[in-house]
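# Commentary on secondary and tertiary structure
One letter stands for each residue in the lines below.
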Amino acid sequence: MITEVYPGIYKNEIPLPKNPLRAINSYILLSDTRNLVIDTGFNTLECQAALLEGLNELEVDLSKTDLLITHMHTDHSGLAPVLKKLGVNTVYFSEVDGDLYNQTSKRDAFFQTLNKIFGFKTDVASAFGKEFGKRLAEPLEFTPLAEGDKLLIGDYCLEVVDIPGHTPGHIGLYDRSHRLFFCGDHVLDEITPNITFWGFEQDILATYLRSLNKVIEYDIDYLFTAHRKIIRDHRSRIKELIAHHDERLREVLDILCEGRKTTGEVAASMHWDLNYKKWEDFPHPQKWFASGEALSHLEHLAHIGKVDRIEEDEALFYQLK
């Protein structure tokens, strides 16, 4: 469904069947000389049909259109190869997330490592059903963007802003004069972005909180989110997200008061706003996302010296200091 959300800027709401996110907001910026599409949806027939229907409704000429992917997750990047084959000029990514998007074998190995940490027996590839889309068949050629780079689309001057946390190389676009920010999954209304684990070498939750505190300083009238509603008061929403993670950390510490636990055990004891009565009823993808978020909070507590990480018999345990 196409909606003009600001002069020359359209939101194409693309359904995500069987997914709690419901839909992704793909944005289309039109001008006489150059257009820009931001994010795509999964590589599924349903998402492709909705994406192309919106582009056709606006009579978008793909030969003078570029594509920007805010981050590597497949609900945002899945149809990038399809649009490239259909004639889109340039595909923009951050260098970090673009490389991760293309490194399927490295990503698979990391997911298998997480499977062991989470205590899951299900094969990762088969656990995420066809609703998550087809996998990348060959590397995608992309142009990397970095902090401070600018894209000019008609009257809009879009500055690239690094906002890692949700993924290692998440980027946003900021128009200072119009006070607009395209934020991908960095800040969402009604739901909280999943801050999952992507490596022991850094504190992922702290990285995300720094990115929130970076964006809270920007003057923004319209925060164009990738899911649910457009946000008009970004500072209030960011403060709510920071408070949410403070509460999550307290919850994890309370759980560890019962004794040392694995990541999966912590995740199973946490509160999740999903319509299932018990952890065993969660679909595997939701268990995966919940466990990733639990691990990012456990690792943050380890980084700040409140819990210990213990490796024993190829399993990881966390306990209070």
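Residues numbered from 1 in each chain as written. Predicted model: local features only at pLDDT ≥ 70, side-chain atom pairs only at ≥ 80, totals over all residues. Heavy atoms only, no water.

## What about the overall build of the chain?
Secondary structure summary: the chain contains 10 helices and 14 strands in total. The C-alpha atoms of the chain give a radius of gyration of 20 Å, which matches the 20 Å a tight globule of 321 residues would have. The buried share of the chain, taken over its 321 residues, is 54%. Of all intrachain contacts in the chain linking residues separated by at least 6 positions in sequence, the fraction that spans at least 24 positions is 64%. About 14800 Å² of surface is accessible on the chain, with carbon and sulfur atoms providing 48% of the total. Here the chain contributes 35 positively and 51 negatively charged side chains, and the mean placements of these two sets differ by 3 Å. (Helix = DSSP H or I, 4+ residues; strand = E, 2+ residues; numbered from the N terminus. Rg over C-alpha atoms; globule rule 2.2 N^0.38 Å. Buried < 20%, exposed > 50% of the residue type's maximum accessible area, 1.4 Å probe, protein only. Contact = heavy atoms within 4.5 Å. Areas by Shrake-Rupley, 256 points an atom, 1.4 Å probe, with all protein chains shown as cover. Lys, Arg positive; Asp, Glu negative; His and termini not counted. Charge placed at Lys NZ, Arg CZ, Asp CG, Glu CD.)

## A few points about the sheet that holds strand β3 (residues 23-29)
Across the sheet, which stays open at both edges, the 7 strands sit in the order β1-β2-β3-β4-β5-β6-β7 with mixed pairing between neighbours. Sheet topology places β1 (2-6) and β7 (143-145) at the edges, where each strand pairs with a single neighbour. Strand-to-strand twist across the sheet, computed as the mean angle between neighbouring axes with direction ignored, equals 30°. The sheet contact formed by strand β4 (residues 35-38) and strand β5 (residues 65-68) spans 4 bridges and is parallel. Within β5, the position partnered with I38 by the bridge is L68. Packed onto the sheet, helix α1 (residues 45-57) meets β1, β2 (9-15), β3 and β4 and runs at close to 155° relative to β2. Here helix α4 (residues 95-102) sits on the sheet and contacts β6 (91-94) and β7; the angle it forms with β6, its principal contact strand, is near 105°. (Pairing = 2+ DSSP bridges. Axes fitted to C-alpha atoms, helices over the stretch in contact; angles between N-to-C directions.)

## Focus: the packing of aromatic side chains
This structure, assessed with the given rule, holds 17 aromatic pairs. Where F118 meets F120, the ring centres are 5.6 Å apart and the plane angle is 65°; that geometry is what we call edge-to-face. Taking the centre distance of 5.9 Å and the plane angle of 20° together, the rings of Y222 and F224 count as stacked. The class for Y222 is partly exposed, based on a relative accessible area of 23%. Residue F224 is classed as buried on the basis of its relative accessible area, which comes to 1%. Three or more aromatic residues joined by ring pairs make a cluster, and in this case those are Y6, Y27, Y156, F182, Y222 and F224. Positioned above the aromatic ring of F317 is the side chain of R260, whose terminal nitrogen or guanidinium carbon lies 4.1 Å from the ring centre. (Phe/Tyr/Trp six-rings, centres within 6.5 Å; stacked < 30°, edge-to-face > 60°. Lys NZ or Arg CZ within 6 Å of the ring centre and 35° of its normal.)

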